[in-house]
2 protein chains.
Amino acid sequence: MSEMILVREPALEAATFAALREGGADERSAGAATRAMMHASRIGVDSHGVRLTAHYVKALQGSRINGAPNMEVRRTAASSAVLDADDGLGHAAAYEGMKLACAMAKDTGVAAVGILRSSHYGAGGAYALAGAEEGMISLSMTQSDAVVALHGGAERFHGTNPIAVGAPVPGERPWLLDMATSSIPFNRVLLYRTLGKTLSDGVAADASGQPTTDPNAADMLMPLGGVDFGFKGAGLAGLVTLFSSILTGSTLDHLVIRMAETDDFQTPRNLGHFCLAIDPDRFVGRQFYETAIMRYLVDLRSSVARTGETVMAPGDREWAVEQERQRTGIPVDPETARFLRV
Amino acid sequence: MSEMILVREPALEAATFAALREGGADERSAGAATRAMMHASRIGVDSHGVRLTAHYVKALQGSRINGAPNMEVRRTAASSAVLDADDGLGHAAAYEGMKLACAMAKDTGVAAVGILRSSHYGAGGAYALAGAEEGMISLSMTQSDAVVALHGGAERFHGTNPIAVGAPVPGERPWLLDMATSSIPFNRVLLYRTLGKTLSDGVAADASGQPTTDPNAADMLMPLGGVDFGFKGAGLAGLVTLFSSILTGSTLDHLVIRMAETDDFQTPRNLGHFCLAIDPDRFVGRQFYETAIMRYLVDLRSSVARTGETVMAPGDREWAVEQERQRTGIPVDPETARFLRV
């Protein structure tokens, strides 16, 4: 951590955008990817922050990702649409999908957009946040390449398949859940290898599917719930595959070209995402909704914690980091800082 | 288990329906509750099966539940509606809500119904199944009375708040996920007390919020994910509260009158549910959807398992129990058998 370089938000944002433009992304694609990565970097989800810029540039230059996509939206009914992302950066497709879902939901109460022929979209919370900022309860899901075993399984079958949900809260940042359906991301295994640390029980397995806490032996992740209750995490991962891949027509997780552990940066990956927007105005009504979510959060935050612990709502920790980083700047690892020339 | 009485499905169904009618439920309410409980009893989810009949009759007779509700549906937009369940049995409201969501989604692609002033609805999978049988990808959620701590919390804050999702599969029973967002239900704690068994790590806590494996010390459940990753289960429980309570205008989990540990069987509990239906015809299209889900399930079921384990899709275990019980009859505990006179 001592090697981290603190960079002010505007400078980091400009450098990220410029690197993507230089890498071959058009203005809209570069803008969307920058916005999503800056969201993650601001709130402390650095694995999905600006450090991904170099990866995206490699994928753009290898032609895996189309820098100037011609996204096509097909409205299929009053509350549904399919978005063909033309192999562009997933961020642009996901923001566009959420925007459309919100616009449709304003008319019809609820709406969803399925996205196919897309690519890695970073942190799902970026799009849930965008929906919440439109006043909607919003959901974003994406499949990813397989790195998580089934419950009782001995091979990689599902992606870490996150679920992100946002809900507007009057006068403060949204309630924002953004969680993988595995306990940890695979890059935590890699990090623990370099740190020589032991993994938690029931989060990873060796090549034969046996649970292991040794990061060097770990070959795949286990689903949320671990040895005894991993059927729940596996079910949730399957739910994300159902919505973001099976329903959209993208490639299934276990058949998707790997994001990084591959030499193939030429072939598009055909990833799928799903987004949903719900207008509280068409359910309990705005005023009652606002009263209820404020009451819920007041009660949650003041509820009794275990000695030495704090209770938090989804997003509370992240919004605190955002405030802190506004003050201090955003820590960037040396390799990324060199790449971005910040 | 040796005391269990095996009862044929038609006889058990008739006895359950008759007991609810005698208890004061009108034909529609009794029919819906019977259908939902029989679903659970058939697939082996006995905690939500016909053993609940006695509880519902007690609530009907105490006037907590209205046996002859006048449910009111308010269509709020093309894809949204609110259903006021008039304090009736939750099963009737949940089936009605799912039916309406499916009908709207056939027109508009996606639709949702929020339900308030309802009561305990049993197993959410019953309604997800009903939606899948209409050809829809369907989701049902319900809040319940608080028995689950927050992550790091030392009091009951959320219900076990299940998420149920169904998806049609050509030529076989649906993909069907029905999971609480805690690792275990509280009745498992009670069962382990009588059996003198030790709980799994990280599923329950004592009155001060300290994790415990002693069922006699357990005072509350911990969210899915346990000591290290319970923030994920707590986030999912909050998600269910958001959709089924905050969005519908029902009472928040921690303010809901307890289901059983109370003398108050007079006051209605104002529980909320949420249901969503998505028409695959309006996304990838029926034929591609069917091909994709079949391919997914074939690959899942034939993927490599850890030695001694089997990999399964959500519902696989339950549909196997259903087949077995069709052959043998449904096991009913002696108390319930006496109550139902079977």
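Residues numbered from 1 in each chain as written. Chains lettered and ligands numbered in written order. Predicted model: local features only at pLDDT ≥ 70, side-chain atom pairs only at ≥ 80, totals over all residues. Heavy atoms only, no water.

As recorded by an unreviewed UniProt entry, chain A carries the name Oxidoreductase and is attributed to Microvirga aerophila.

(A) Local environment of the overall build of chain A. Helix and strand content of chain A: 10 helices and 13 strands. Against the compact-globule benchmark of 20 Å for 342 residues, chain A has a radius of gyration of 20 Å, which places it among compact chains. Taking the principal axes of the C-alpha coordinates as reference, chain A spans close to 55 × 55 × 45 Å. In chain A, which comprises 342 residues, the share counted as buried stands at 61%. Contacts in chain A between residues far apart in sequence, at least 24 positions, make up 66% of those at least 6 positions apart. For chain A, the centre of its 31 positive side-chain charges and the centre of its 39 negative side-chain charges are spaced 2 Å apart. (Helix = DSSP H or I, 4+ residues; strand = E, 2+ residues; numbered from the N terminus. Rg over C-alpha atoms; globule rule 2.2 N^0.38 Å. Buried < 20%, exposed > 50% of the residue type's maximum accessible area, 1.4 Å probe, protein only. Contact = heavy atoms within 4.5 Å. Lys, Arg positive; Asp, Glu negative; His and termini not counted. Charge placed at Lys NZ, Arg CZ, Asp CG, Glu CD.)

(B) Representation of the sheet that holds strand β9 (residues 172–179) of chain B. Residue and element names in this part refer to chain B. In spatial order, the strands read β2-β3-β4-β12-β5-β8-β9; together these seven strands make up an open sheet with mixed pairing. Each of the sheet's edge strands pairs with one partner strand only, and the pair in question is β2 (72–77) and β9. On average, each strand axis in the sheet is tilted by 15° relative to the strand beside it, whichever way the strands run. Taken together, the four bridges between strand β5 (residues 137–142) and strand β8 (residues 163–169) define a ladder with antiparallel strand orientation. Bridge pairing in β8 links Leu139 to Val165. (Pairing = 2+ DSSP bridges. Axes fitted to C-alpha atoms, helices over the stretch in contact; angles between N-to-C directions.)

(C) Here's a closer look at the interface of chain A and chain B. Counting from both sides, the interface comprises 82 residues of chain A and, opposite them, 82 residues of chain B. Between chain A and chain B, a total of about 6400 Å² is buried, with carbon and sulfur atoms accounting for 72% of that surface. Of all residues in chain A, the largest losses of buried area upon contact with chain B belong to Leu247, Phe283 and Arg306 of chain A, amounting jointly to 12% of the total for that side. Run the count over chain A and chain B and you get zero salt bridges. Between the two partners, chain A and chain B, sit 27 residue pairs in polar contact (both at pLDDT 80 or more). In terms of residues, the side of chain A that touches chain B owes the most to one element, helix α7 (residues 226–246) of chain A, which gives 11 residues. (Buried area = accessible area lost by both parts, 1.4 Å probe. Salt bridge = Lys/Arg side-chain N within 4 Å of Asp/Glu carboxyl O. Polar contact = N/O pair within 3.5 Å; in protein donor to acceptor, adjacent residues only side chain to side chain.)

(D) Local environment of the pattern of salt bridges. Counted according to the given criterion, the structure contains 44 salt bridges over all chains. The closest approach of N and O atoms between Arg117 of chain A and Asp87 of chain A, which form a salt bridge, is 3.3 Å. Of this pair, Arg117 of chain A sits in strand β4 (residues 110–118) while Asp87 of chain A is found in the loop between β3 (80–84) and α4 (90–108), placing the two residues 30 residues apart along the sequence. Of the residues examined, Arg117 of chain A reaches a relative accessible area of 29% and is grouped as partly exposed. Between Arg258 of chain B and Glu261 of chain B there is a salt bridge, with its nearest N and O atoms 3.4 Å apart. In the salt-bridge network here, residues are joined through shared partners; they are Glu9, Arg42, Glu133, Arg173 and Glu322 of chain A.

(E) A look at the relation of the copies chain A and chain B. Rotating chain A by 180° and translating it 0.0 Å along the rotation axis places it on chain B, where the RMSD comes to 0.0 Å. A rotation of that kind, with that shift, is consistent with a two-fold axis. Closest approach to the rotation axis within chain A is made by the C-alpha atom of Gly225 of chain A, at a distance of 2.5 Å. A share of 100% of the interface residues of chain A reappears at the interface of chain B, consistent with the copies meeting face to face through the same patch. (Least-squares fit on C-alpha atoms with pLDDT ≥ 70 in both.)

(F) Spotlight on helix α3 (residues 53–61) of chain A. Residues and elements named next belong to chain A. Those residues of α3 not exposed but buried are Thr53, His55, Tyr56, Val57, Ala59 and Leu60. Against the buried residues of α3 lie α1 (9–23), α2 (27–43), α4 and α10 (334–340). Ser63, located one to two residues past α3, shows a positive phi value of around 75°.

(G) Quick peek at the packing of α1 of chain A against α3 of chain A. Residues and elements named next belong to chain A. The interhelical angle for the contact between α1 and α3, taken along N-to-C directions, is 15°, at an axis separation of 9 Å. Considering the angle they form, α1 stands roughly parallel to α3. Pair α1 / α3 crosses with right-handed handedness. Residue-level contacts link Thr16, Ala19, Leu20 and Gly23 of α1 to Thr53, Tyr56, Val57, Leu60 and Gln61 of α3. Tallied by class, residues from the contact of α1 with α3 come to five nonpolar, four polar and no charged. (Parallel < 35°, antiparallel > 145°, perpendicular 65-115°, else oblique. Left-handed = near helix turned anticlockwise from the far one by under 90°. Nonpolar A, V, L, I, M, F, W, Y, C, P; charged D, E, K, R; others polar.)

(H) Spotlight on the packing of aromatic side chains. Per the counting criterion, the structure on display carries 12 aromatic pairs over all chains. Centre to centre, the rings of Tyr296 of chain A and Phe157 of chain B are 5.7 Å apart; their planes meet at 45°, and the pair counts as tilted. Of this pair, Tyr296 of chain A sits in helix α8 (residues 286–301) while Phe157 of chain B sits in strand β7 (residues 156–158), on two different chains. Taken individually, Tyr296 of chain A and Phe157 of chain B each receive the classification buried, so the pair is uniform in this respect. Within the aromatic cluster, the residues linked to one another by ring pairs are Tyr95, Tyr121 and Tyr127 of chain A. Above the ring of Phe186 of chain A, the side-chain terminus of Arg156 of chain A is found at 5.2 Å from the ring centroid. When the ring centre of Tyr95 of chain B is taken as reference, the NZ or CZ atom of Arg35 of chain B above it lies at 3.9 Å. (Phe/Tyr/Trp six-rings, centres within 6.5 Å; stacked < 30°, edge-to-face > 60°. Lys NZ or Arg CZ within 6 Å of the ring centre and 35° of its normal.)

(I) Spotlight on the environment of Met104 of chain A. Take Met104 of chain A: it is sitting in helix α4. Setting aside anything within four residues of it in sequence, one finds Met104 of chain A in contact with Arg75, Ala78, Ser79, Ser80, Ala81, Gly109, Ala111, Ala112 and Val113 of chain A.

(J) Main features of the packing of α2 of chain A against helix α9 (residues 316–328) of chain A. All names here are of chain A. Where α2 contacts α9, the axes come no closer than 7 Å and their chain directions differ by 90°. The orientation of α2 relative to α9 falls into the category roughly perpendicular. In contact with His39, Ser41, Arg42 and Ile43 of α2, α9 contributes Glu318, Trp319, Val321, Glu322 and Arg325.

(K) A look at the nonpolar core. Ranked by size, the top nonpolar core spans 100 residues in total, and within it Trp175 and Leu242 of chain A together with Trp175 and Leu242 of chain B carry the most contacts. Among residues more than four places away in sequence, those in contact with Leu242 of chain B are Ile137, Val165, Ala167, Trp175, Tyr289 and Ile293 of chain A together with Leu247 of chain B. (Core = buried A, V, L, I, M, F, W, Y, C linked by side-chain atoms within 4.5 Å.)

(L) The arrangement of the pairing of β2 of chain B in detail. Bridge count between β2 of chain B and strand β3 (residues 80–84) of chain B: five bridges; the pairing is antiparallel. Bridge pairing links Val73 of chain B to Leu83 of chain B in β3 of chain B.

(M) Seen up close, α4 of chain A. Residue and element names in this part refer to chain A. Taking 1.5 Å per residue as the helical rise, α4 with its 19 residues ought to reach 27 Å, and the 26 Å between its terminal C-alpha atoms agrees with that figure. Counted residue by residue, α4 has 14 buried out of 19 residues, so it is predominantly covered. Two residues or fewer after α4 comes Gly109, characterised by a positive phi angle close to 100°. (Expected span 1.5 Å × (residues − 1).)

(N) Main features of the sheet that holds strand β5 (residues 137–142) of chain A. All names here are of chain A. Strand order across the open sheet formed by seven strands is β2-β3-β4-β12-β5-β8-β9, with mixed pairing between neighbours. Looking at which strands have only one partner, the edges of the open sheet turn out to be β2 (72–77) and β9 (172–179). Neighbouring strand axes in the sheet, compared pairwise and without regard to direction, differ in orientation by 15° on average. Here β5 pairs with strand β12 (residues 271–278) via six bridges, running antiparallel. Across the sheet, Ser138 pairs through a bridge with Ala277, a residue of β12. Strands β5, β8 (163–169) and β9 of the sheet are contacted by helix α5 (residues 125–133), whose axis makes an angle of about 150° with β9. Contacting β4, β5, β8 and β12, α7 crosses the sheet at an angle of about 95° to β5.

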